[in-house]
Amino acid sequence: VTRKMHFNAAHRVYQPSWSEEQNQACFGKCANANWHGHNYDLLVTVKGEINPETGFVANLSEISDIIKREILDKVDHKNLDMDVDFMTGKISSTETLAVECWKQLEGPINALGCFLHSVKLQETEKNFVEYFG
Ligand code: NI
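Just so it is clear, the structure is predicted and the values come from calculations on it, not from any experiment.

The rules behind these values
- Residues numbered from 1 in each chain as written.
- Predicted model: local features only at pLDDT ≥ 70, side-chain atom pairs only at ≥ 80, totals over all residues.
- Heavy atoms only, no water.
- Donors = N, O, S within 2.8 Å, 3.2 Å for Na, K, Ca; no water.
- Buried < 20%, exposed > 50% of the residue type's maximum accessible area, 1.4 Å probe, protein only.
- Bend = angle between axes of the 7 residues up to and from the residue.
- Helix = DSSP H or I, 4+ residues; strand = E, 2+ residues; numbered from the N terminus.
- Phe/Tyr/Trp six-rings, centres within 6.5 Å; stacked < 30°, edge-to-face > 60°.
- Lys NZ or Arg CZ within 6 Å of the ring centre and 35° of its normal.

## What to know about the coordination of the nickel ion
Then step 1. Surrounding the nickel ion are the protein donor atoms His11 (NE2), Cys30 (SG), His36 (NE2) and His38 (NE2), at 2.1 to 2.6 Å.
Then step 2. Each donor residue of the nickel ion belongs to the same chain, with the gaps between them written as H-x18-C-x5-H-x1-H.
Then step 3. The class of cysteine 30 is partly exposed, set by a relative accessible area of 22%.
Then step 4. What makes histidine 38 buried here is its relative accessible area of 13%.

## Focus on helix H2 (residues 60–75)
Then step 1. The sharpest bend along H2 measures roughly 45° and falls at lysine 68.
Then step 2. Every buried residue of H2 is listed here: Ile63, Ser64, Ile66, Ile67, Glu70, Ile71, Leu72 and Val75.
Then step 3. Following H2 by one or two positions, histidine 77 has its phi on the positive side, about 60°.

## Describing the packing of aromatic side chains
Then step 1. As enumerated under the stated definition, the model contains three aromatic pairs in all.
Then step 2. Seen from their ring centres, tryptophan 18 and phenylalanine 27 are 5.7 Å apart, and the 15° between their planes marks the pair as stacked.
Then step 3. The exposure class of phenylalanine 27 is partly exposed, given its relative accessible area of 21%.
Then step 4. Relative to tyrosine 131, the ring of tryptophan 102 has its centre 5.5 Å away and its plane inclined at 85°; by these criteria the two rings are edge-to-face. One end of the pair, tryptophan 102, is in helix H3 (residues 94–110); the other, tyrosine 131, is in strand E5 (residues 128–131), and 29 residues separate them in sequence.
Then step 5. Of the residues examined, tryptophan 102 reaches a relative accessible area of 7% and is grouped as buried.
Then step 6. Looking at tyrosine 131, the relative accessible area reads 24%, which means it is partly exposed.
Then step 7. In this structure, lysine 120 packs its charged tip against the face of phenylalanine 128, placed 4.3 Å from the ring centre.

Spatial relationships are all this shows, so hold off on functional conclusions.
In structure tokens form, the structure reads like this:
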């Protein structure tokens, strides 16, 4: 069962131990010093048994509340590199952000009695990451 959420955030993909030239060669426009932003889609999939009383694997409004509390409230309209506690000191690539979103969600979702299956983070129309833990 999947819940799709959306947020906007700014970032800069930059390796501070490299020269400007190395950063430009590897990260291109994403290394822009004055930031840039993305409209991210975050798809959170949970798995489990169907509850015979509800017909649900999970109540999607509870899943939505967890995603809002653990991720959207922290990242939406924020700077991933400056404002987000769970991204501090990390390169804000889509890969790293997807892994950190998993870490935020796994405990609260498993506490509902279902299991986190995947986090899919779509950064652009062409680029997305799927993480399975
Ligand atoms: Ni970017």
